[in-house]
Amino acid sequence: MRSWPASEVPSLHDAGLPAADRPLALHDTGTGAARPTAPGETARMYVCGITPYDATHLGHANTYLAFDLVNRVWRDLGHGVHYVQNATDVDDPLLERAQQTGEDWRALADREIQLFREDMTALRILPPDRYIGAVEAIPLVVEMIEKLRGRDAAYPVDGDVYFPVAADPSFGAVSRLDRDEMTPLFAERGGDPLRAGKRDALDPLLWMARRPGEPGWDSPFGEGRPGWHVECSAISVEYLGMAFDVEGGGSDLAFPHHEMSASHAQVATGERPHARAYVHAGMVGLDGEKMSKSRGNLVFVSKLREAGARLLLHT
């Protein structure tokens, strides 16, 4: 998938500024503390991308600005940066929006991704080296699920395929939540804790069998499409390997998304950790409330640009 053009990155020397003299420290959700990063010659970072049906709101902008700063500080410190981002261009929310509007889901995804590119260019966010869509990553997802099946870490439920969280002894280490905290969040954020036939209420979907009227792709486990979490596991492992420096996203991704993605990758590869640090940007508020789709109070970068407004985000 095509990324967006990079803006010029001036050096501290060219700007007449002193060189940075200490490593970049970031708050790691997995430890609950700020820790210095210690990348090698090239820092490796994965930041979860958009599901392209409401792009680009200020919550998105805040997240990608935060990790753009990480990217730039590493560069100032003399590191190369290998940055990977996905776009979840097939998933339930996208398909639901397409059904509501009567638009082809592929056209909707393409339009919103192009709008996202334009917004990122306008905000001068440095582009990822690899910008990978879920659809183009399906062979990687299938390969990862096959590895999980080979480790007895995938099981069928009425044609779908699930991951048993019990297969990962470190499950819970990313978000540091207990089960009583996890269960309502899992239901709220795309999980299905009440589905009959699952071994554990928290087991996430790896592969969804094709539903009537929805897209599907051939696989060894039947025609269908990827689950959300395994998409990022497969892409990050393919392009960054294990133990990369930072996995990032909004704070609402710590659980279940980053928790589940880490478990998939660690069990499939037999290595750990998936990422050395899990770093999360805060949520954006508007008039004293969290900005969210459910509240209907999203503010879009493109609308501000059209109005000629200057954009100020405080992180």
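Anyway, here's the lowdown on the structure attached to this text. (Residues numbered from 1 in each chain as written. Predicted model: local features only at pLDDT ≥ 70, side-chain atom pairs only at ≥ 80, totals over all residues. Heavy atoms only, no water.)

Within this structure, the stated rule accounts for 7 aromatic pairs. By way of ring pairs, the aromatic residues Trp4, Tyr64, Phe116 and Tyr131 are connected into one cluster. (Phe/Tyr/Trp six-rings, centres within 6.5 Å; stacked < 30°, edge-to-face > 60°.)

Relative to the elements of secondary structure, Trp217 occurs in the loop between β8 (205-209) and β9 (224-226). Separated by 56 residues in the primary sequence, Trp217 and Pro273 place their C-alpha atoms 30 Å from one another. Sequence-distant contacts of Trp217, that is, excluding residues within four places in its chain, are made with Val90, Trp105, Val135, Ile138, Trp207, Gly222, Glu223, Gly224 and Arg225. (Helix = DSSP H or I, 4+ residues; strand = E, 2+ residues; numbered from the N terminus. Contact = heavy atoms within 4.5 Å.)

Moving on: the pattern of salt bridges. Summed over all chains, the structure comprises 18 salt bridges. Across the salt bridge formed by Arg106 and Asp104, the nearest N and O atoms sit 2.9 Å from each other. On the accessibility criterion, Asp104 (37% relative accessible area) is partly exposed. In this structure, Arg272 and Asp168 form a salt bridge, with 3.3 Å as the shortest nitrogen-oxygen distance. Here Asp168 lies in the loop between β7 (160-162) and α5 (179-188) and Arg272 lies in the loop between α7 (254-269) and β11 (275-281), a separation of 104 residues in the sequence. (Salt bridge = Lys/Arg side-chain N within 4 Å of Asp/Glu carboxyl O. Buried < 20%, exposed > 50% of the residue type's maximum accessible area, 1.4 Å probe, protein only.)

Turning our eyes to something else, we now look at the side chain of His274. Structurally, the position occupied by His274 is in the loop between α7 and β11. Of the residues examined, His274 reaches a relative accessible area of 0% and is grouped as buried. Beyond its immediate stretch of four places on either side in the chain, His274 contacts Ser236, Val237, Met242, Ala243, Phe244, Glu247, Ser261, Ala262, Ala265 and Gln266.

Its 13 residues give helix α4 (residues 138-150) an end-to-end C-alpha distance of 18 Å, which sits within 8% of 18 Å, the value for a rise of 1.5 Å per residue. Every buried residue of α4 is accounted for by Ile138, Leu140, Val141, Val142, Met144, Ile145 and Leu148. (Expected span 1.5 Å × (residues − 1).)

Looking now at the sheet that holds strand β3 (residues 42-47). Spatially, the 5 strands line up as an open sheet ordered β5-β4-β3-β10-β11, and their pairing is parallel. Edge positions in the sheet fall to β5 (130-133) and β11, since each has one partner strand and no second. Geometrically, the sheet is characterised by an average inter-axis angle of 20° between neighbouring strands, direction not taken into account. Sheet strands touched by helix α6 (residues 228-240): β3, β4 (80-87), β5 and β10 (244-250). Its angle to β4, the strand with the most contacts, is close to 155°. (Pairing = 2+ DSSP bridges. Axes fitted to C-alpha atoms, helices over the stretch in contact; angles between N-to-C directions.)

Below, the discussion takes up α5. Buried within α5 we find Met182, Leu185 and Phe186. In a view along the axis of α5, the buried residues occupy a sector of 105°, so they form one face of it. Structural note: α5 exposes Asp180 and Glu188 on the side pointing more than 90 degrees away from its buried face. Buried positions along α5 lie against α7. For α5, the N-terminal cap is Asp178; the gap from its side-chain oxygen to the backbone nitrogen of Asp180 is 3.1 Å. One or two positions beyond α5, positive phi appears at Gly190, with a value near 95°. (Arc of directions from axis to C-beta. Polar contact = N/O pair within 3.5 Å; in protein donor to acceptor, adjacent residues only side chain to side chain.)

Once that is clear, we can look at the environment of Ser3. Following the sequence through the fold, Ser3 ends up in the segment before β1 (25-28). Spatially, the C-alpha atoms of Ser3 and Asp168 are 34 Å apart, while their sequence positions differ by 165 residues. For Ser3, the residues in contact, after removing those within four places along its chain, are Arg117, Pro127, Pro128 and Tyr131.

Another aspect to go through is the sheet that holds β9. Strand order across the open sheet formed by 4 strands is β6-β7-β8-β9, with antiparallel pairing between neighbours. Only two strands of the sheet have a single partner each, and these edge strands are β6 (155-157) and β9. Each strand of the sheet is rotated relative to its neighbour by a mean of 25°, with strand direction disregarded. Bridging between β8 and β9 involves 3 bridges; their strand directions are antiparallel. Within β9, the residue paired with Ala209 across the bridge is Gly224.

All right, on to the pairing of β11 then. In terms of residue burial, β11 counts as a mostly covered element, since 6 of its 7 residues are buried. With 6 bridges joining them, β10 and β11 adopt parallel strand pairing. Note on β11: the bridge partner recorded for Gly249 is His280. With respect to chirality, the unit in which β10 leads through α7 into the neighbouring parallel β11 is right-handed. (Right-handed = clockwise from strand over helix to strand, strands pointing away.)

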